[in-house]
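Structural characterization, general
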Amino acid sequence: MAGICAPAIARAAHICKDYASHLPKERPMQQHLTIVKHPLVQHKLTLMREKDTSTAVFRQLLREISQLLAYEVTHELPMTTREIETPMQEMDAPVLAGRKLALISILRAGNGLLDGMLELIPSARVGFVGLYRDEATLKPVQYYFKVPDQLAKRLVIVVDPMLATGNSSAAAVDLLKQAGATDIRFLCLLASPEGVARMKEAHPDVPIVTASLDDRLDEKGYILPGLGDAGDRMFGTK
Ligand code: URA
């Protein structure tokens, strides 16, 4: 290369190698509960909580906030490098390692978080878990379960906007573990102390990422101060 001296080329090669050596190391999420306090997340959440926020605005905010939460829940994904060519030269460039993520939506409200996350992680595999509460036993009963293959080799992110009693969340994680999942994270918009405690007792190995730890549950199992029924607010039902 005319005009570029050998030490400069060696220095450039050294910088290229550093892209590989400075990759974030794979390490599991350290905390059981992470509250994402980013100002954008908190501002959007306040707008969502307000009772007069329309369905259309609620849905749009949920889409935006889900992408900010997805950023947090994936920030320690394992990385590797791939040799690529830029228009200028070759380099070892960082890329995600391992199998595609699995995003698991707990029906029906989970779908509101899922849509935004899929815009950010379009190659993720997607599964659905449907549970209802048996009025006699008050236990969650499965009515739908369809998940991607090879869950044991994937990072599995379970999404449900409201971690309230924690019963359906814990049951959904039970089902995913029975299906082979071992590396599971739980992503929600709001969590109650009761729900976090229930999940910690049932699944201490599953880190929870949320935008807020609210005060408590009311007698019907709704989160206070909360935002009401997340499904009704995002789908405009009552
Ligand atoms: N599910 C909701 O949609 N809202 C709550 O407050 C609790 C559970």
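Reading guide: rules and limits
Residues numbered from 1 in each chain as written. Predicted model: local features only at pLDDT ≥ 70, side-chain atom pairs only at ≥ 80, totals over all residues. Helix = DSSP H or I, 4+ residues; strand = E, 2+ residues; numbered from the N terminus. Buried ≥ 20, exposed ≤ 12 C-beta atoms within 10 Å, placed from the backbone. Contact = placed C-beta atoms within 7 Å. Pairing = 2+ DSSP bridges. Axes fitted to C-alpha atoms, helices over the stretch in contact; angles between N-to-C directions. Core = buried A, V, L, I, M, F, W, Y, C linked by C-beta atoms within 7 Å. pLDDT = per-residue confidence, 0-100. Near = placed C-beta within 6 Å. Nonpolar A, V, L, I, M, F, W, Y, C, P; charged D, E, K, R; others polar. Arc of directions from axis to C-beta. Parallel < 35°, antiparallel > 145°, perpendicular 65-115°, else oblique. Left-handed = near helix turned anticlockwise from the far one by under 90°.

1. A short note on the overall build of the chain
Tallying secondary structure elements over the chain gives 7 helices and 14 strands in all. Here the chain holds 238 residues, and 32% of them are scored as buried. In the chain, the proportion of contacts linking residues at least 24 apart, taken out of those at least 6 apart, comes to 65%.

2. Observations regarding the sheet that holds strand β8 (residues 162–163)
On the basis of which strands lie adjacent, the open sheet formed by 3 strands has the order β8-β10-β12 and parallel pairing. Every interior strand has two partners, whereas the edge strands, β8 and β12 (212–213), have only one.

3. Some remarks on the sheet that holds strand β1 (residues 33–35)
Pairing is mixed across the open sheet formed by 7 strands, whose spatial order is β1-β11-β9-β7-β4-β5-β6. In the strand order of this sheet, the two ends are held by β1 and β6 (140–146), each with one partner. The mean inter-strand angle of the sheet, taken between neighbouring strand axes irrespective of direction, is 20 degrees. Taken together, the 5 bridges between strand β4 (residues 102–106) and strand β5 (residues 125–133) define a ladder with parallel strand orientation. Looking at β5, one finds that I106 is bridged to V129.

4. As for the nonpolar core
If you look at the biggest cluster of nonpolar residues, it comprises 52 residues, and the most contacted ones within it are V156, I157, V158 and L187. If sequence neighbours within four positions are ignored, V156 has contacts with A102, I104, L151, L176, A181, D183 and I184.

5. Concerning the confidence of the model for the chain
Chain-level pLDDT for the chain is 89 on average; 87% of the residues reach the 70-or-more range. Across residues 1–7 the pLDDT falls below 50, and counting only partners more than four positions away or on other chains, this stretch makes 1 contact in the model. The low-confidence segment residues 9–16 (pLDDT under 50) makes 3 contacts with residues lying over four places distant or belonging to another chain.

6. A short note on the site of the ligand
Around the ligand, the neighbouring residues are A109, M162, A164, G221, Y222, I223, G226, D229, A230 and G231. Partitioned by chemical class, the residues of the shell around the ligand number 6 nonpolar, 3 polar and 1 charged.

7. Here we look at helix α6 (residues 193–202)
The α-helix advances 3.6 residues per turn, and as a result positions three or four apart in sequence lie on the same side. Of the residues making up α6, those classed as buried are G195, V196 and M199. What you see down the axis of α6 is that its buried residues fit within an arc of 100 degrees, all on one side. Counted as exposed and oriented over 90 degrees from the buried face of α6: A197 and E201.

8. Section: the packing of helix α5 (residues 167–178) against α6
Between α5 and α6, whose axes approach to 9 Å, the crossing angle comes to 25 degrees. Considering the angle they form, α5 stands roughly parallel to α6. The chirality of how α5 crosses α6 is right-handed. Contacts between α5 and α6 involve N167, S169 and A170 from the first element and G195, R198, M199 and A202 from the second. Across the contact of α5 with α6, the residue classes break down as 3 nonpolar, 3 polar and 1 charged.

9. Points about the environment of L131
Among the structural elements, L131 can be located in strand β5. Sequence-wise, L131 and A172 are 41 residues apart; in three dimensions their C-alpha atoms are separated by 7.9 Å. If sequence neighbours within four positions are ignored, L131 has contacts with I106, P140, V141, Q142, Y143, S168, A171 and A172.

10. A closer look at helix α4 (residues 110–120)
Turning to α4, its buried residues are G110, G112, L113, L114, G116 and M117. Buried residues along α4 sit in contact with α3 (55–73), β4, β5, β7 (155–159), β9 (183–187) and α7 (230–235).

11. Things to note about the packing of helix α2 (residues 39–49) against α3
Between two packed helices, both the angle of their axes relative to each other and the distance between the axes serve to describe the pair. Packing of α2 against α3 leaves a shortest axis separation of 10 Å and a crossing angle of 155 degrees. With respect to α3, the axis of α2 lies roughly antiparallel. With respect to the hand of their crossing, α2 and α3 are arranged in left-handed fashion. Of α3, the residues touching α2 (which contributes L40, V41, K44, L45, L47 and M48) are F58, L61, L62, E64, I65 and L68. Looking at the contact of α2 with α3, its residues break down into 10 nonpolar, no polar and 2 charged.

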